[in-house]
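Chain by chain, the residues:
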Amino acid sequence: MNFASATEVCTGTSTKWSLHLRHTFKCYHDHVKWSGRVLGQTWHRWPAVLLSCCMLYLLWCGTVLAASADEKEKKPDPVDVTITAPASIKKLLEKHMTLPAKPFRDEIDQAAYARKIRQESIELLATEGYFTPEIEFDEKKGNGKAKAKAYELRITPGPRTRVAAVTIEFQGALAADEPAYRARAEQLRAEWPLTPGKVFRSARWEDAKSALLSSIANRDFATARIVESQAKVDPDTAQATLSITIDSGPAFRYGELQITGLERYKPDVVQNSVPFRPGDPYRREQLLAFQAALQNSQLFNAAAVTVKPDPMQHEAVPVIVTLTEAQSKHIGAGLGYSSNNGARGEVNYRDYNFLGRAWNLSSLLRLEQKRQTFSTRVDTLPDANHFQYSSGVRVERTDIKNLQTFNQRVDFSRIRTTANSILQVGVNWQREQREPSGAPKTTNETLALDLWYRYHDIDDPVNVRRGFVSEVRLGGGSSYVLSDQDFIRSYLRHQHWLPIGRRDTLYFRAEAGYTLASSRQGIPQEYLFRAGGIQSIRGYDFLSLGVREGDAIVGGRVLATGTAEYVHWLTNDWGAAVFTDVGDAADSLKQFDLAIGYGIGARWRSPAGPFALDLARRHDTGTLRLHFSIAVAF
């Protein structure tokens, strides 16, 4: 094949890009063979060969561009379809209607699309309760001399269908002539949302049936099912008659546990978390709570709790617990920074099967700029009454506002935890060496009895928008029992979140504390009060409000602080806040001097929890202070 023939193939008239590409590569192949013969015979003619290759490359580029231009020129213009309908109907059709992919070839093509769009519109309108619509599709009037034809879809939806009557029937045990079942059946009928007079929509009808079935199946009747359901629509009267029949099946009661997946742990680990007993009525929410407790215990990677819905075993249905055990030993490390304590690094170790008894051993070494802590603790698993025991030791050194402390502590507690509350009663002994700058160094010892209670009711434990958390603590020591000073310490704290509008949140916080004693001397700092910083009074340095002793700030016997904060969420994850904090810590009510801080901040809902960055102004001096905290674990 000579060069001329290769050029003729490349200049073919095919309009498809793929043909251009195939022909061009064929030309390139043939031309390389021809060039090879030339090079083999006359090596000194290589400049001509190189020139021919360049010409071939330019020719290929031209064919590709030409093919692309042809494709662009032949791409059809979109068909202009205008929808004339009430606003709500128009929005529905615009979201789901299929527009013509290309202009109609002829009247037959247009008529076929008109039939298709009419059927689609009828089906869509029926889901919203319109069963007698008038639908027209034709060329738009007044189109003038426009090159492309325009079309109009005109819809008159007609009257909207409403519910005329509802019949709800029950079969199975729920239909028995017993007072409890009769009352429940009447309650289920009363809670039915699609009552006569309501607009009938397919989605509402399906949701109402699902909600009714779930309400029955979640309590007592694990095998409840829909036997029959009908929605009869009369287009002439625009009315719908609804009927549904549900067979509840027998009433179920719990039987024995059937546990699989345990290797290291004894069945007691599972049985102590069970919120029901054999013979109790079946409740689906109890199974879910049981499953959540197992998943949150750190002992298992996965936990599933179900019952086998066998009507033959309804009097004692087995509860099937399927578990996958987690690794019992963990080592972690982390870095972070807080405007309270500065940079932070930590290493922690956990053993969830300490001494082979499924006890939780935790050890922590945390190094912060203002605080260094080492602690180790052993926690038992909760028993059948939700009680557990905890014992630990801690050594901590702090250097905050010119007050250096070195504290050693040993404690033992009994704790009861429920879904919404924690009650802890314990005793601790601690020895504290305190060295205020410019004041004498002292050592305090105490054996204190402590009571701590917290109750919470919130919508989300990570990003709270609605709810509250309240806690109270009461403790004290006596000089007759290993303490340097007689004292009684009381502390109250309440936090409340109120949703405002669709996204925003209003937050309030209040705390108050009082230590009853002849003086603050001889009492460890844990049982006295200081204020300032994050979660206290922003605009003031961390724990900078208290009693001046030499050049240091030490704890006083009186505390009261409060916060009001409004957060406006700009997006789902980012928000802006305005806030004000007030309060003080002092040695007596007479010395109490109200401190005020206020400012603005940014909020971010990070995967690890809320992050806050606040710029606060101290009211008495006008000093601006930045407060934030963030931590990254690895």
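In case you missed it, the structure is sitting above this.
Residues numbered from 1 in each chain as written. Predicted model: local features only at pLDDT ≥ 70, side-chain atom pairs only at ≥ 80, totals over all residues. Heavy atoms only, no water.

Moving on, we get to unusual backbone geometry. The backbone of K401 shows a phi angle near 50°, a positive value even though the residue is not glycine. Residue position: K401 is located in the loop between strand 14 (387-400) and strand 15 (403-417). Overall, K401 belongs to the partly exposed group, its relative accessible area being 31%. Although it is not a glycine, L482 adopts a positive phi angle of roughly 60°. One can find L482 in the loop between strand 18 (467-477) and strand 19 (487-500). (Helix = DSSP H or I, 4+ residues; strand = E, 2+ residues; numbered from the N terminus. Buried < 20%, exposed > 50% of the residue type's maximum accessible area, 1.4 Å probe, protein only.)

Here the focus is helix 4 (residues 87-96). Buried within helix 4 are the following residues: I89, L92 and L93. Along helix 4, the residues classed as buried sweep out an arc of 95° about the axis, all on the same side. Opposite the buried face of helix 4, by more than 90 degrees, sit the exposed residues A87, K91, E94 and K95. As for helix 4, its buried residues are in contact with strand 1 (80-84), helix 5 (107-127) and strand 3 (150-156). (Arc of directions from axis to C-beta. Contact = heavy atoms within 4.5 Å.)

Taken in spatial order, the three strands make up an open sheet running 4-6-5, and their pairing is mixed. Strands with a single pairing partner mark the edges of an open sheet, and in this sheet they are strand 4 (162-171) and strand 5 (225-234). Direction aside, the axes of adjacent strands within the sheet are offset by 10° on average. Relative to strand 6 (residues 239-247), strand 5 runs antiparallel, the two being bridged by nine bridges. Residue pairing across strands places I226 opposite I246, the latter belonging to strand 6. (Pairing = 2+ DSSP bridges. Axes fitted to C-alpha atoms, helices over the stretch in contact; angles between N-to-C directions.)

What the three strands build is an open sheet, ordered 7-9-8; its pairing is mixed. Strands at the two margins of the open sheet, each flanked by one partner only, are strand 7 (254-260) and strand 8 (300-307). On average, each strand axis in the sheet is inclined to that of its neighbour by 15°, with strand direction left out of account. Relative to strand 9 (residues 317-325), strand 8 runs antiparallel, the two being bridged by seven bridges. What sits directly across from V305, in strand 9, is V321. The sheet contacts of helix 9 (residues 284-295) involve strand 7, strand 8 and strand 9, and relative to strand 8 the element is tilted by about 165°.

Let us now look at the environment of W192. Turning to its location among the elements, W192 is positioned in the loop between helix 6 (179-190) and helix 7 (202-217). On the accessibility criterion, W192 (5% relative accessible area) is buried. Considering only alpha carbons, one finds W192 and A208, 16 residues apart in sequence, at a separation of 6.9 Å. In contact with W192, not counting residues within four places along its chain, are V166, I168, W205, A208, K209, L212 and L242. Within polar-contact distance, the side chain of W192 engages the backbone oxygen of L194 at 2.9 Å. (Polar contact = N/O pair within 3.5 Å; in protein donor to acceptor, adjacent residues only side chain to side chain.)

The terminal C-alpha atoms of helix 5 lie 31 Å apart, and with 21 residues this matches the ideal 30 Å at 1.5 Å per residue to within 8%. Looking only at helix 5, the buried set comprises D109, Q110, Y113, A114, I117, E120, S121, L124, L125 and A126. As for helix 5, its buried residues are in contact with helix 4, strand 2 (134-139), strand 3 and helix 7. Just past helix 5, the residue G129 takes up positive phi, approximately 95°. (Expected span 1.5 Å × (residues − 1).)

Here the focus is the packing of aromatic side chains. Geometrically, a pair of aromatic rings is defined through the distance of the ring centres and the angle of the planes. Going through the model one piece at a time under the given rule, you end up with 18 aromatic pairs. With a centroid separation of 5.7 Å and an interplanar angle of 15°, the aromatic rings of F137 and Y151 are classed as stacked. Within this pair, whereas F137 is found in strand 2, its partner Y151 is found in strand 3, the two being separated by 14 residues in sequence. Comparing F137 with Y151 shows no difference in burial state: the two are buried. Pairing W574 with W604 gives two aromatic rings, centres 5.8 Å apart and planes at 15°, and the pair type is stacked. One end of the pair, W574, is in strand 24 (residues 574-586); the other, W604, is in strand 25 (residues 595-606), with 30 residues separating them in the sequence. A residue is classified by how much of its surface remains accessible, and W574, at 46% relative accessible area, is partly exposed. You can call W604 partly exposed: its relative accessible area is 29%. An aromatic cluster is built from F104, Y113, F137 and Y151, whose rings are joined through pairwise contacts. In this structure, R414 packs its charged tip against the face of F387, placed 3.8 Å from the ring centre. Over the face of the ring belonging to F579 we find R538, whose NZ or CZ atom lies 3.8 Å from the ring centre. (Phe/Tyr/Trp six-rings, centres within 6.5 Å; stacked < 30°, edge-to-face > 60°. Lys NZ or Arg CZ within 6 Å of the ring centre and 35° of its normal.)

As far as function goes, none of this settles anything; it's purely spatial.
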